[in-house]
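The residues making up each chain are set out below.
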Amino acid sequence: MKTKFKLSCLFLAALMLFSLTACGKDNPEPSSTSEGTEQTKPPVEAGSGTTIHTNLWDLTYDEADGWVYEEDDLHDDETSSKIILTLPKEGEDGSIVDAEIRVSVEDPYTFRDYLTSYGFDEYEYAVDQAYDLTPVGGIDCLKAEGNYWGSPCLRYMNRVEGAGATVFMEIIGEFEDERVDKLLSGLTIHLEDTGNEDGPWYWEGEPFSAQPRSVMVGTYTLSSQWLPITDCIITKETFDHAAAVTGDQAYLLVDGELKRFDYDGASLKFAEDIVLDAEYEDISADTTGTLWLANFMEPLISWKDGAQTASYEGPDHVTMHPSGTWGVSWFSGPECEKITLSGGALKTEPIVFQEVDILSHLLIDDSHIYVCGSAVDGSGHKVFVYDSNGALQMTLADSDGSGLGSITFITQTANGYLALDGNMREVVLWTKDGAYLGEADDGDLFGTDYPWFCGGAKLADGSILAIMTEDRADESAMELVAFKLSGF
């Protein structure tokens, strides 16, 4: 049985993802690979010329330079050796430098994420060998400078394919301090060539594909049709993608950027990249063909016929009503704002969804405001259905009235309500009066393995465009994939 993760798990995952990419991507300066022989030695020798022996590296440093570390800062086993050393600020809290050294025998995918996170192109690295390399510890490494939460940051990294190992070093703070170079000069990395061959890169891998499928939910037959996206969309971002449809044009927000596709009922054919002044997470389409784009700390903008038509400062995340005349600005709490547009001006008034504790998503259709979030009574993640004035109409929950996983899209259908549950990887149906009908598992309905349902859009014929991220079977990449859902 699948586990229903609490919303706090999503926040933890977001924080972990943010910490991975927080160091700046500017000024990358690269490295190559070399290999040695794995050695297992006793852990630590004390003394002024201290040497730390691990399974994958040795580090000799001078204690007089001021380097210190706690017992919990050293980890060593057969597949991972890691340490964090610090140069403390004398007489005050904080540190001059924090230096992490980590060597791990692992799959290549974390390293490939490092590449794009810190400003390197995977193809230029692997095929063109376009980057300069700097030797550290006997391994030629890529070098990237940036910042980490406002502090200067230096990283060295590379992949030693024959050993199946990733080498990673992160120096936060005054990395130009001569004691940093002295510390790294005492590092010797020991890796054994085991003949490992990493899996294919994204350009070598097999793109996602799926056959049509159908699943009975109650008395309804849900059907899915895979919609090929040309060219396929490779992404490192699991969650933040969104879709909107106007006529035969589909718009996808991918990694904060807007792309337009021609939709013919069977595929999404790339038409153009639309250049915006900021990255956006929220997209709505109204009945006039206008797109509305929003994000926290960014202006709400409208876009039509290839040009921006308006911009409004102030709102947070925004979902617009299909009329395009009003919407709701929301963040994470139940206290939101209803925004009304008239004569080029934006008017706001408070709207409070008092049944909700933490809000994770908000959608609007012709008749309803759908607030997806954790219930204030602690009963779990549910969909609270309100009218346009914020009066609660019904609550959509699981079969026993308990919480769902994490709803990322919901809409009214001819026979009730349909939702995409990202955490549970299920398509859920309810009757018009909110009675639970049942759900279809992603594997049964789409032929997917472990996707994340990012969102969707209602099509003119009443079917649903559903988008999700899915790892390819050969693990060469994560793709943004699309399906047409019908039968309800």
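Residues numbered from 1 in each chain as written. Predicted model: local features only at pLDDT ≥ 70, side-chain atom pairs only at ≥ 80, totals over all residues. Heavy atoms only, no water.

A few points about the overall build of the protein chain
Part 1: Helices and strands together make up the secondary structure of the protein chain, namely 5 helices and 39 strands.
Part 2: Expected size for 488 residues packed as a compact globule is a radius of gyration near 23 Å; at 26 Å, the protein chain falls within 12% of this value.
Part 3: Counting only C-alpha atoms and orienting by the principal axes, one finds that the protein chain spans roughly 75 × 50 × 50 Å.
Part 4: A burial count over the protein chain gives 50% of its 488 residues as buried.
Part 5: Nonlocal contacts in the protein chain, meaning residues at least 24 apart in sequence, comprise 50% of its contacts between residues at least 6 apart.
Part 6: Of the roughly 22,100 Å² of accessible surface on the protein chain, 47% is carried by carbon and sulfur atoms. (Helix = DSSP H or I, 4+ residues; strand = E, 2+ residues; numbered from the N terminus. Rg over C-alpha atoms; globule rule 2.2 N^0.38 Å. Buried < 20%, exposed > 50% of the residue type's maximum accessible area, 1.4 Å probe, protein only. Contact = heavy atoms within 4.5 Å. Areas by Shrake-Rupley, 256 points an atom, 1.4 Å probe, with all protein chains shown as cover.)

Considerations on the nonpolar core
Part 1: In this structure, Leu222, Val383, Ile410 and Leu485 are the most contacted members of the largest nonpolar core, which totals 35 residues.
Part 2: The contacts of Leu222, once residues within four sequence positions are left out, are Arg213, Ser214, Val215, Val217, Leu418, Val427, Leu429, Ala440, Leu445, Ser486 and Phe488.
Part 3: Among the nonpolar cores identified, the runner-up in size contains 31 residues, and Ile52, Leu154, Phe175 and Ile189 belong to it. (Core = buried A, V, L, I, M, F, W, Y, C linked by side-chain atoms within 4.5 Å.)

Section: helix α2 (residues 109–117)
Part 1: When α2 is considered as a whole, its buried residues turn out to be Phe111, Arg112, Tyr114, Leu115 and Ser117.
Part 2: Where α2 terminates, the next one or two residues include Gly119, which has phi positive at roughly 95°.

A closer look at the packing of aromatic side chains
Where two aromatic rings form a pair, the distance of their centres and the angle of their planes describe that pair.
Part 1: Scanning the model with the defined rule gives 17 aromatic pairs in all.
Part 2: When the centroid spacing of 4.7 Å and the interplanar angle of 50° are considered together, the rings of Phe446 and Phe483 count as tilted. With Phe446 in helix α5 (residues 442–446) and Phe483 in strand β39 (residues 478–486), this residue pair connects regions lying 37 residues apart in the sequence.
Part 3: Three or more aromatic residues link up through ring pairs in this structure, and these residues are Phe111, Tyr123, Tyr125, Trp201, Tyr202 and Trp203.
Part 4: Taking NZ or CZ as reference, Arg425 lies 3.7 Å from the ring centre of Tyr450, over its face. (Phe/Tyr/Trp six-rings, centres within 6.5 Å; stacked < 30°, edge-to-face > 60°. Lys NZ or Arg CZ within 6 Å of the ring centre and 35° of its normal.)

So, the pattern of salt bridges
Part 1: Applying the stated criterion to the full structure yields 13 salt bridges.
Part 2: Of the charged contacts in the structure, one is a salt bridge between Glu170 and Arg155, with a shortest N-O distance of 2.2 Å. Here the residue Glu170 occupies a position in strand β11 (residues 165–173), and Arg155 occupies one in strand β10 (residues 151–160), the gap between them amounting to 15 residues.
Part 3: By relative accessible area, Glu170 is classed as buried at 10%. (Salt bridge = Lys/Arg side-chain N within 4 Å of Asp/Glu carboxyl O.)

Some thoughts on unusual backbone geometry
Part 1: That bond from Thr230 to Asp231 is cis: its omega, -10°, falls within 30 degrees of zero.
Part 2: Examined against the element boundaries, Asp231 turns out to sit in the loop between β15 (229–230) and β16 (233–235).
Part 3: Its identity is not glycine, yet Asp255 carries a phi of approximately 55°, on the positive side.
Part 4: Within the secondary structure, Asp255 is located in the loop between β18 (249–254) and β19 (257–263).

Details of the confidence of the model for the protein chain
Part 1: The share of residues in the protein chain with pLDDT of 70 or more is 90%, and the mean pLDDT across the chain is 91.
Part 2: Below pLDDT 50 for its whole length, residues 1–47 participates in 130 contacts with residues either more than four positions away or in separate chains. (pLDDT = per-residue confidence, 0-100.)

Considering the sheet that holds β19
Part 1: Across the sheet, 5 strands lie side by side as β15-β20-β19-β18-β17; this open sheet has mixed pairing. At either end of the open sheet lies a strand with only one pairing partner, and these are β15 and β17 (241–246). (Pairing = 2+ DSSP bridges.)

What about a nonpolar patch on the surface?
Part 1: A cluster of nonpolar side chains, Phe296, Met297 and Phe331, forms an exposed patch at the surface whose accessible area comes to about 330 Å².
Part 2: Here Met297 lies in the loop between β22 (291–294) and β23 (300–304).
Part 3: For Met297, a relative accessible area of 64% translates into the label exposed. (Patch = residues over 30% accessible without salt bridge, like charges linked within 9 Å, V, L, I, M, F, W, Y side chains within 5 Å.)

What to know about the state of the cysteines
Part 1: Enumeration over the complete set of coordinates arrives at 0 disulfides.
Part 2: Here Cys141 stays unpaired: no disulfide links it, and the sulfur of Cys153, its closest cysteine neighbor, is 14 Å away. (Disulfide = S-S within 2.5 Å.)

Description of helix α4 (residues 178–185)
Part 1: Within the span of α4, buried status applies to Val180, Leu183 and Leu184. On an axial view of α4, the arc spanned by its buried residues comes to 90°, and they lie on one face. Seen from the open side of α4, the exposed residues pointing more than 90 degrees away from its buried face are Glu178 and Ser185.
Part 2: On its buried side, α4 packs onto β4 (57–62), β7 (95–105), β8 (134–136), β10, β11 and β12 (187–189). (Arc of directions from axis to C-beta.)

Observations concerning the environment of Thr290
Part 1: With respect to the helices and strands, Thr290 occurs in the loop between β21 (282–285) and β22.
Part 2: The exposure class assigned to Thr290 is buried, which follows from its relative accessible area of 9%.
Part 3: Along the chain, Thr290 and Gly380 lie 90 residues apart, while their C-alpha atoms are 35 Å from each other.
Part 4: Discounting residues that sit within four places of it in the chain, Thr290 has contacts with Ser284, Ala285, Ser302, Trp303 and Lys304.

Comments concerning the sheet that holds strand β31 (residues 381–386)
Part 1: Ordered by their spatial adjacency, 4 strands build an open sheet running β29-β30-β31-β32, and the pairing between neighbours is antiparallel. The two strands at the open ends of the sheet, each matched to only one other strand, are β29 (356–364) and β32 (392–396). Each neighbouring strand pair of the sheet contributes to a mean axis angle of 25°, computed without reference to strand direction.
Part 2: Here strand β30 (residues 369–375) runs beside β31; their pairing, made up of 6 bridges, is antiparallel. (Axes fitted to C-alpha atoms, helices over the stretch in contact; angles between N-to-C directions.)

A short note on the pairing of strand β14 (residues 220–227)
Part 1: The pairing of strand β13 (residues 213–217) with β14 spans 5 bridges and is classified as antiparallel. Paired with Ser214 across the strands is Ser223, a residue of β14.

Quick look at the environment of Leu85
Part 1: Looking at the secondary structure, you find Leu85 in strand β6 (residues 80–88).
Part 2: Spatially, the C-alpha atoms of Leu85 and Asp277 are 40 Å apart, while their sequence positions differ by 192 residues.
Part 3: Ignoring anything within four residues of it in the chain, the contact list for Leu85 reads Leu59, Tyr61, Trp67, Val68, Tyr69, Val97, Asp98 and Ala99.

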